[in-house]
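# Residue-level structural notes
Residue-level listing of the chains:
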Amino acid sequence: MSTLEIKGLRAEVAGKEILQGIDLVVKSGEVHAIMGPNGAGKSTLSAVIMGKPGYKVLAGSVTLDGVDMLALPTWERAIAGLHLVMQYPTEVPGVHADQVMAEALTARHRGTEGMAARITQEALRINMDPELVTRALNVDLSGGEKKRNETMQLGVLEPKFAILDELDSGLDIDALRDCARRVEAATHESNLGVLAITHYVRLFEELKPDVVHIMVSGRIVASGGAELADQLEIDGYAAFV
Ligand code: ADP
Ligand code: MG
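Source: prediction; values computed, not measured.

Another point: the sheet that holds strand E2 (residues 16-27). Here we have four strands laid out as an open sheet, ordered E2-E1-E4-E5, and antiparallel in their pairing. The outermost strands of the open sheet, each flanked by one partner alone, are E2 and strand E5 (67-68). Bridge count for strand E1 (residues 3-13) against strand E4 (residues 55-64) is eight bridges, and the pairing is antiparallel. Note that in E4 the partner of valine 13 across the bridge is tyrosine 55. Together, E1, E2 and E4 form the strand contacts of helix H1 (residues 42-50), whose direction differs from that of E2 by roughly 70 degrees.

Here's what the structure looks like:
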């Protein structure tokens, strides 16, 4: 059982305070959804958790099983067990997805024996063409192929926690179902904890949230069960501002 704990987190980017005190505790196997209007700071939160350059932490902490993540470079956070599925996966010309996986497994001291079979198994599970991993990472892939590729990586690497920044953006219904279903399965099979940033309740048809948080202007203004998301569908964010 692992715990990702965010306490009193305040952060700024480009001289502007965006996160104004975020408190969140996610445990293994739990799915926490974060919903909020554009500009609320949801992507900033994912960036600060993973250590994207340009974001300055003003106060608070992010710990994984008590270990200070903010003190580590991004790659060490990843090895510690944090995995970000980016809203817009980066295209990396000249580097193939299977090379990235080999490096990632080696860095985790897991070895690459059987890796190709493992990748193929994960790819087929989410209806992804296994041949895509022999192409340059995310280059010229469709929106759906990029997110399937990200989900395949998550399946092979088995992180402790996944942060999904709008998994549903740029995806058609079939791809969304395949990816969301795989993440939900990981919460049972490998006890994955999930922080799922989304605008759309339809994500929850496959990925069942234990807690829904509403984030407005860099703060979590409400937390509750899935019914909170249903209320949001009816009332919009006005009721929470
Ligand atoms: P959300 O994901 O909730 O839509 P973001 O975290 O992307 O919101 O953005 C919150 C605010 O921070 C916005 O006003 C955005 O313009 C600003 N912001 C985020 N990242 C940067 C950046 N790298 N440079 C300048 N401003 C940024
Ligand atoms: Mg965003």
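Let's pick the thread back up.
Mapped onto this structure's residue numbering, the UniProt feature "domain: ABC transporter" (unreviewed entry) falls at residues 4-241. A distance of 27 Å separates the end C-alpha atoms of residues 4-241, which is 34% helix and 30% strand.

The buried fraction of strand E11 (residues 211-216) amounts to five of the six residues, a majority that puts the element mostly inside the structure. Across four bridges, the pairing between strand E3 (residues 31-35) and E11 is parallel. Within the sheet, the bridge partner assigned to methionine 35 lies in E11 and is isoleucine 214.

So, on to the pattern of salt bridges. Here the structure, examined in full by the defined rule, presents 10 salt bridges. In this structure, arginine 182 engages glutamate 122 in a salt bridge whose closest nitrogen and oxygen atoms are separated by 2.8 Å. Highlighted residues: arginine 182 in helix H6 (residues 173-189) and glutamate 122 in helix H4 (residues 115-125), separated in sequence by 60 residues. In this pair, the class of arginine 182 matches that of glutamate 122, namely buried. Across the pair arginine 181 and glutamate 206 runs a salt bridge, and its minimum N-O distance is 3.1 Å. One end of the pair, arginine 181, is in helix H6; the other, glutamate 206, is in the loop between strand E10 (193-197) and E11, with 25 residues separating them in the sequence.

Judged by pairing direction, the sheet is mixed, and its six strands sit side by side in the order E6-E9-E10-E3-E11-E12 without closing on themselves. Both edges of this open sheet fall to strand E6 (82-85) and strand E12 (219-224), since each of them pairs with a single strand only. Neighbour-to-neighbour, the strand axes of the sheet open up by a mean angle of 20 degrees, direction not taken into account.

It is at 11 Å that the axes of helix H3 (residues 97-107) and helix H5 (residues 143-157) come closest, and there the two elements cross at 25 degrees. The pairing of H3 with H5 is recorded here as roughly parallel in orientation. The two elements H3 and H5 meet at a crossing, and its hand is right-handed. Seen from H3, the contacting residues are Ala97, Met101, Ala104 and Leu105; seen from H5, they are Asn149, Gln153, Val156 and Leu157. The residue inventory of the contact of H3 with H5, partitioned by class, reads six nonpolar, two polar and no charged.

A separate point is the nonpolar core. With 31 residues, the main nonpolar core has Met35, Leu164, Val194, Leu203, Leu207 and Ile214 as its most contacted residues. Among the elements of the structure, E3, strand E9 (161-165), H6, E10, E11 and helix H7 (226-235) are those that each provide at least two residues to this core. For this core, the leading source of residues is H6, giving six residues. Residue contacts for leucine 164: discarding those within four places in its chain leaves Val85, Leu154, Val183, Val194, Leu195, Ala196, Ile197 and Leu207. Residues Ile49, Ile163, Leu195 and Met215 belong to the second largest nonpolar core, which totals 23 residues.

Each value, and the rule that gives it
- Residues numbered from 1 in each chain as written.
- Chains lettered and ligands numbered in written order.
- Predicted model: local features only at pLDDT ≥ 70, side-chain atom pairs only at ≥ 80, totals over all residues.
- Heavy atoms only, no water.
- Pairing = 2+ DSSP bridges.
- Helix = DSSP H or I, 4+ residues; strand = E, 2+ residues; numbered from the N terminus.
- Contact = heavy atoms within 4.5 Å.
- Axes fitted to C-alpha atoms, helices over the stretch in contact; angles between N-to-C directions.
- UniProt positions renumbered as here; feature names shortened; annotations may be inferred.
- Buried < 20%, exposed > 50% of the residue type's maximum accessible area, 1.4 Å probe, protein only.
- Salt bridge = Lys/Arg side-chain N within 4 Å of Asp/Glu carboxyl O.
- Parallel < 35°, antiparallel > 145°, perpendicular 65-115°, else oblique.
- Left-handed = near helix turned anticlockwise from the far one by under 90°.
- Nonpolar A, V, L, I, M, F, W, Y, C, P; charged D, E, K, R; others polar.
- Core = buried A, V, L, I, M, F, W, Y, C linked by side-chain atoms within 4.5 Å.

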